[in-house]
Amino acid sequence: MPTTMAAMLLTGHGGIEKLEYHQDVATPQPKAGEVLVQVTATAKNNTDRKAREGLYPTKDKGDVTSFAMGGTPTLTFPRIQGADVAGRIVAVGEGVDAKRIGQRGLLDFNIYADERRDINLTPDYYGHGADGGFAEYIAVPAEQFYHVPNPELHDAELASMGMCSYQTAYHMMTAAKVGPGERVLVSGASGGVGTALIQLCRIVGAIPYAVSQLDKAEALKALGAETVIDRGDLPTFVERVLESTGGKPIDAVMDLVGGEMTNLFIDTMIVDMQGRKSYPRLSIAGASGGNLSEMMDPHLSLSSTDIWRFPRHP
Ligand SMILES: NC(=O)c1ccc[n+]([C@@H]2O[C@H](COP(=O)([O-])OP(=O)(O)OC[C@H]3O[C@@H](n4cnc5c(N)ncnc54)[C@H](OP(=O)(O)O)[C@@H]3O)[C@@H](O)[C@H]2O)c1
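Residues numbered from 1 in each chain as written. Predicted model: local features only at pLDDT ≥ 70, side-chain atom pairs only at ≥ 80, totals over all residues. Heavy atoms only, no water.

**Q** Explanation requested: the overall build of the protein chain in the structure shown.
**A** Across its full length, the protein chain carries eight helices and 14 strands. Across the 314 residues of the protein chain, 50% fall into the buried class. The contacts of the protein chain with a sequence gap of at least 6 include a subset with a gap of at least 24, amounting to 69%. Working note: accessible area of the protein chain is about 14800 Å², and carbon and sulfur atoms make up 55% of it. (Helix = DSSP H or I, 4+ residues; strand = E, 2+ residues; numbered from the N terminus. Buried < 20%, exposed > 50% of the residue type's maximum accessible area, 1.4 Å probe, protein only. Contact = heavy atoms within 4.5 Å. Areas by Shrake-Rupley, 256 points an atom, 1.4 Å probe, with all protein chains shown as cover.)

Quick look at the structure:
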């Protein structure tokens, strides 16, 4: 194994100039229970940009800082970013079956707080609290590198279907118990999580209504969106959504945009309440429209809207 490798190092919070390409970074060594993966494809997520720019502010640490769950920020510099990693195992640490060498797979990007896998109360991830995939090699726990043999998927496809977007979309939908035949409003529909939501909705038989921009409409429909509602012109937004559903309420909203749109999203669910078969449900995993999601309390309490927030990672 080469002792040094090429990697993109994040050297501090700021613009793209904070990313530096180096060819002399020490190749990580797999510790006990780990595998060394040669990275063949990686994906860039919104969270990589946000972490680079320091957009996970906390009240006590000002406007630009790293995410910290009540403690010390885990993002220290230099850091190799990249949450979604596809690659091949090239070496194993003590206690890992050497037969795994050569396996192609995908990384579960979570850095778990403890042995539990059902809950992770200190959300962090590879590429943030530990080095990620913008490098030739990465050492990760063997149990978190999943064998994916499927020859119909090439490595870049596998990395782009990585956990950051698809796992978030999956959790948003399962928490809100999205089921067959339900009308689901998806905001930020053209992004990583939004496109995952559209496809997963179709897989479970739900009907995704995409909130996006009209120049992306054809691509989103090709992906599975029932229709595309332009996110501009807020005063007519609810009316336009209901026009597209034939006047029927949206059953569940998957919100990635937030800001002042969240109140409008709730409005698309609280029409014809007697005609509903379930409570309105709102899943929030991000706020690309700003760091706030505005919600008017009476909307929530009077409509019994269930809200789910996803801190799977910041
Ligand atoms: N909690 C978690 O575990 C988790 C995991 C992954 C991501 N996230 C968060 O979820 C959000 C989406 O992530 P992503 O990876 O899908 O991001 P992305 O690929 O960058 O997509 C974001 C989308 O949001 C829309 N958008 C951007 N700026 C907007 C604005 N000012 N107003 C309204 N819409 C805007 C755009 O879609 P349109 O042009 O189609 O409207 C854009 O394509 C981010 O806030 C991210 O931090 C959270």
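**Q** Explain the sheet that holds strand β8 (residues 145-147) here, please?
**A** Two modes of strand pairing occur in sheets, parallel and antiparallel, and in both the strands are linked by backbone hydrogen bonds. The strand order β7-β3-β5-β6-β8 describes an open sheet built from five strands, whose pairing is antiparallel. Edge positions in the sheet fall to β7 (137-141) and β8, since each has one partner strand and no second. The sheet shows a mean angle of 45° between the axes of neighbouring strands, taken without regard to direction. Here strand β5 (residues 84-92) pairs with strand β6 (residues 104-107) via three bridges, running antiparallel. Looking at the pairing, A86 lines up with L106 of β6. (Pairing = 2+ DSSP bridges. Axes fitted to C-alpha atoms, helices over the stretch in contact; angles between N-to-C directions.)

**Q** Looking at this structure, I do not really get the sheet that holds strand β4 (residues 79-80). What am I missing?
**A** The strand order β2-β1-β4 describes an open sheet built from three strands, whose pairing is antiparallel. What marks the edges here is a single partner per strand, and that holds for β2 (19-26) and β4. The sheet contact formed by strand β1 (residues 4-10) and β2 spans six bridges and is antiparallel. Note that in β2 the partner of L10 across the bridge is L19.

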